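This is what each chain is made of:
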There are 2 protein chains.
Amino acid sequence: MTRFFVAPEELQPDFLVLTGENARHAKVLRLKEGEEVLVCDGYGKECICTVSDVSPEQISLVVRKRQESETEATVRVSVYMAFPKADKLEHVIQKATELGAYEIVAFPSARCVSRPDDKSLSKKLERWQKIAASAAEQSGRGIVPQVLVLPSYKTALERAAQADKALLFYENERSTTLKMALQSGAYQTVSLLTGPEGGLELSEVKQAEDAGLQVCTLGKRILRCETAPLCALSAVMYDAGEF
Amino acid sequence: MTRFFVAPEELQPDFLVLTGENARHAKVLRLKEGEEVLVCDGYGKECICTVSDVSPEQISLVVRKRQESETEATVRVSVYMAFPKADKLEHVIQKATELGAYEIVAFPSARCVSRPDDKSLSKKLERWQKIAASAAEQSGRGIVPQVLVLPSYKTALERAAQADKALLFYENERSTTLKMALQSGAYQTVSLLTGPEGGLELSEVKQAEDAGLQVCTLGKRILRCETAPLCALSAVMYDAGEF
């Protein structure tokens, strides 16, 4: 069933109207009277609706059933990624959303080559949030993951450390596996922190340990900076019993 | 340590010469006399070497130590992917190689929109194999995964079914999870089969079951055709104790 996200205040009890981007999307899909669609508020509430009227500017819907979203993971995984080059962050936002991430948090680290300046940041954030919204629609998410940008590595560590499992992946770690870290106790929230193309500096890894993060390996092979967070996220979802 | 792949017959006991693409790559990296590099035969054997001479056409190496590769997974995972559109197969080849896949097998299925014709196939295969080789070098693999193309869905099923765990992922499967399939018994070889953009047809899923594949879910969210194999591969590597 096609899924649309609207602002929470638009999720009315009996009737709904799709406008703007949603209406344009509905046109592309050639939605017709009588068809069923799912409308979500992006925070876990959704309505099954029937199309009642299609006009050039808007699509009118009748609400058939309200429900809590059933597609969200029971575990809340935050993906913390050091700014990568080019379009890799966009790739990770799209894929992490599909894979069920709760939020995606970008931050600077010592070896980051790319880092948006303050001027371009608000425009980029808007674009990244759109990518998350689009991936959430396509993959059938009940929420749209928030994309956040933090001003420093330190603030990223402090925020990440608040999860039940706060994990940093480091290519030179040999002994502690992700499995050891996850299976040492129950968890409902997880932070997964990965470095940029050049990796994290050893001093940054130590700083993370001091902040309360556990340093883990993702195996014997070196993963690209855009592959590591998605590999870790897939494994956490698997471990948490999502599939 | 920088890693080069050479043909098995080039892996001599005492001295080695890097030529062609490898020599060009060594130039780009500005390798100097005395530096250490790793030279692999792509089949799990490798040598630690020291650069002894750099000339415009070739790089001469002295073999210091021969060893078996230590970066290969203990489990052999074959990724079977129905031909996707555009460059998605290239993406999957690169990422699956990083994640430790043993081989990547492309095949046609009913809803495949894209499918290389026989003329362009050998050129494409060459390109795909290069992508695997390059990703194997970068991620530190001991082998270069083979990229194979099979002529029909039926041949893909027959080949995939020979693994200890032969699994097909289907978005309408609700009960059998990947975890249930993996934890029902020990395994050393795994086949992971996924469909194209439009998914597999129900008749194809039934055909796969008849061929001996087990149908599993990757969770409540709908994954894109290029995300599903990498998610499944990550989870299998995790389950097998790789990280």
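In what follows, the accompanying structure is described. (Residues numbered from 1 in each chain as written. Chains lettered and ligands numbered in written order. Predicted model: local features only at pLDDT ≥ 70, side-chain atom pairs only at ≥ 80, totals over all residues. Heavy atoms only, no water.)

This next bit is on the packing of aromatic side chains. Each aromatic ring pair is described using two quantities: the centre-to-centre distance and the angle formed by the ring planes. Using the criterion set out here, one finds 7 aromatic pairs over all chains in the structure. Ring geometry for Tyr238(B) versus Phe243(B): centroids 5.8 Å apart, planes at 55°, classification tilted. The same class applies to Tyr238(B) as to Phe243(B), namely buried. Against the face of Tyr238(B) rests Lys179(A), its NZ or CZ located 5.1 Å from the ring centre. (Phe/Tyr/Trp six-rings, centres within 6.5 Å; stacked < 30°, edge-to-face > 60°. Buried < 20%, exposed > 50% of the residue type's maximum accessible area, 1.4 Å probe, protein only. Lys NZ or Arg CZ within 6 Å of the ring centre and 35° of its normal.)

Another aspect to go through is the side chain of Thr50(B). Residue and element names in this part refer to chain B. Residue position: Thr50 is located in strand β4 (residues 45-54). Here the side chain of Thr50 touches Arg64 through a polar contact of 2.8 Å, side chain to side chain. Apart from the residues within four sequence positions on either side, Thr50 is in contact with Gly34, Glu35, Glu36, Ser60, Leu61, Val62 and Arg64. (Helix = DSSP H or I, 4+ residues; strand = E, 2+ residues; numbered from the N terminus. Polar contact = N/O pair within 3.5 Å; in protein donor to acceptor, adjacent residues only side chain to side chain. Contact = heavy atoms within 4.5 Å.)

Leu168(A), Leu178(A), Leu193(A), Leu168(B), Leu178(B) and Leu193(B) are the most contacted members of the largest nonpolar core, which totals 128 residues. Residues contacting Leu178(B), with those up to four places away along its chain left out, are Tyr238(A), Phe243(A), Leu167(B), Phe169(B), Cys216(B), Thr217(B), Leu218(B), Ala232(B), Ala235(B) and Val236(B). (Core = buried A, V, L, I, M, F, W, Y, C linked by side-chain atoms within 4.5 Å.)

All names here are of chain B. Read from one edge to the other, the open sheet built from 5 strands follows the order β1-β3-β4-β5-β2, with strand pairing classed as mixed. Single-partner strands in this sheet number two, and they are β1 (2-5) and β2 (15-18). Ignoring which end each strand starts from, the neighbouring axes of this sheet average 40° apart. Each of β1, β2, β4 and β5 (59-68) touches helix α1 (residues 20-28); the most contacted strand, β1, lies at about 165° to it. (Pairing = 2+ DSSP bridges. Axes fitted to C-alpha atoms, helices over the stretch in contact; angles between N-to-C directions.)

For the rest of this paragraph, the subject is the interface of chain B and chain A. Between chain B and chain A, the residue contacts involve 37 residues of the former and 37 residues of the latter. Of the roughly 3300 Å² buried between chain B and chain A, counting both surfaces, carbon and sulfur atoms make up 52%. Ranking the residues of chain B by area buried against chain A places Arg221(B), Tyr238(B) and Phe243(B) at the top, with a combined share of 26%. Put simply, Lys95(B) and Glu226(A) hold a salt bridge, and the shortest N to O gap is 2.7 Å. Our count for the chain B to chain A interface comes out at 24 residue pairs in polar contact (both at pLDDT 80 or more). (Buried area = accessible area lost by both parts, 1.4 Å probe. Salt bridge = Lys/Arg side-chain N within 4 Å of Asp/Glu carboxyl O.)

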